[in-house]
Amino acid sequence: MKKTLALLTATSAAAFAFNVQAATKWDLPSAYPASNLHTQNLEQFVKDVSKLSGGELQITLHNNASLYKAPEIKRAVQGNQAQIGEILLTNYANEDPVYALDGLPFLATGYDAAWKLYQAQKDLLNKKLAAQGMTLLYTVAWPPQGIFANKDIKTVDDLKGVKWRAYSPVTARIAELVGAQPVTIQQSELAQAMATGVVNAFMTSGSTGWDTKTYEYIKKFYDTQAWLPKNAVIVNKKAFDALDEKSKKALLEAGQEAEKRGWALSKEKTQWYLDNLAKNGMEIVKPSPELMQGLDKVGTTMLTEWIQKAGPDGQKAIDAFRASK
C-alpha cells in the first residue's frame, strides 16, 4: 500500500512538473505605469490568455518601460526578444507613414471617427507588420489630445519658443510648425523633465496628464481634442506560429475582448481624467476659435505631407475613411 501511494505521488509530481515545463512563457513589455488605462487593460488580457489556454500560455507583463523603453519595444518583438509587446504607433512614424496616420491633428477627433480611421488603416498596418515578421493583435485609442501649458494660449503664435515635449515624430513636427522647441521625452521620463524645466508645454491626453501628475507642474489644459493616437499590441509571427492551436485561439479571443474593453475604457475615463485634473488644481480651458483655426491649418499641412509620403495606398486609406464618415 505504501509503495502504491509513493508511486502515485511520484507520478502526480512528475505529471505536474511536466505541465509546468510544457507551459509556453512570453514577455510583454509596455511603456506605461500600472495606473494607466492601457496597462489595466493588458493586465486583464494576460489573465484571459492564461484562463482560455488552460495555463498553457503564460504572459508576463513588464510595465512602465521596465524591460524596454517605448521606442525599443517594436524592434524587441520583431527580433523575438519579446514575443508580444505594446507600442504607440506614432512612435514609428519615421519608419513608415502608416504608423503616423492616427497622429495627424484634426483628421479624426472623436472615438467614432478614430475607430473608422482604424478600419481604413488596418490593412496597411497588417501588411507592414507582416513584412516585418509580426502580427497585429489589437489596438486601443488614447483619450483625445490637448495642450498642457502654464501660459495663456490664444493663438498658435503663443506657442513660439516654448520647450515642447515631443513623444513621437508627429508631435515633433507639430512643434516645428508652430515654432516651438521640440524635446523628445517619453512618458516614463516626463515628470522629471517637467520638474527640472526641460519642458514646459506639450500635447497629450488627460490620461498621461493624470499618470504623470502634470498638475504639480503645469496648471492649464487646453481641451483641443486634436487626435486620438492608438497603442497596438503586436506579436512575433514565428512565436505565434509555434503555439499549439488552443493557445493560438486563446490569444486571438483574448485580444478581441481586450480591444472592445480597451476602447470602451478609454472613452469612459476621458471625462474622469479631466475632472480629476481639475480637482487637483488644473484649469480645463476651452480653446479659442483662433487657436483651433491655427491648429487646423497645422493638421491640413501635415495631412498633405502624409499623403505625399504614403502615395496611392495612403490616399486610398484616406478616401476610405472619408467615405465612412
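See above for the structure.
What you see is a predicted model, and the numbers here were worked out from it, not measured in a lab.

**Notes on the side chain of Thr 214**
Relative to the helices and strands, Thr 214 resides in the loop between α7 (206-211) and β9 (220-222). Here Thr 212 takes part through its side chain, which lies 2.9 Å from a polar atom of the side chain of Thr 214. Once residues within four sequence positions are removed from consideration, Thr 214 is found in contact with Phe 148, Met 194, Phe 202, Thr 208, Gly 209 and Met 282.

**What to know about the sheet that holds strand β4 (residues 134-141)**
Taken in spatial order, the three strands make up an open sheet running β3-β10-β4, and their pairing is antiparallel. Two strands in the sheet have a free side with no partner beyond their single neighbour: β3 (84-88) and β4. For this sheet the average axis-to-axis angle between neighbouring strands, irrespective of direction, equals 25 degrees. Bridge analysis of β3 against strand β10 (residues 230-236) gives five bridges, and the strand direction is antiparallel. Following the sheet pairing, Leu 88 is matched in β10 by Asn 231. In the packing of helix α2 (residues 37-52) onto the sheet, the strands contacted are β3, β4 and β10, and the crossing angle to β4 comes to about 130 degrees. Across the face of the sheet, helix α4 (residues 111-131) comes into contact with β4 and β10 while running at roughly 165 degrees to β4.

**What to know about the packing of α4 against helix α9 (residues 245-279)**
Taken N-terminus to C-terminus, the directions of α4 and α9 make an angle of 150 degrees; their axes are 11 Å apart at the nearest point. Here α4 is positioned roughly antiparallel relative to α9, judged by the angle of their axes. For the crossing formed where α4 meets α9, the hand is right-handed. Each of Tyr 111, Ala 114, Trp 115 and Tyr 118 in α4 lies in contact with α9, whose residues at this interface are Glu 259, Trp 263, Ser 266, Lys 267 and Thr 270.

Rules and cut-offs
Residues numbered from 1 in each chain as written. Predicted model: local features only at pLDDT ≥ 70, side-chain atom pairs only at ≥ 80, totals over all residues. Heavy atoms only, no water. Helix = DSSP H or I, 4+ residues; strand = E, 2+ residues; numbered from the N terminus. Polar contact = N/O pair within 3.5 Å; in protein donor to acceptor, adjacent residues only side chain to side chain. Contact = heavy atoms within 4.5 Å. Pairing = 2+ DSSP bridges. Axes fitted to C-alpha atoms, helices over the stretch in contact; angles between N-to-C directions. Parallel < 35°, antiparallel > 145°, perpendicular 65-115°, else oblique. Left-handed = near helix turned anticlockwise from the far one by under 90°.

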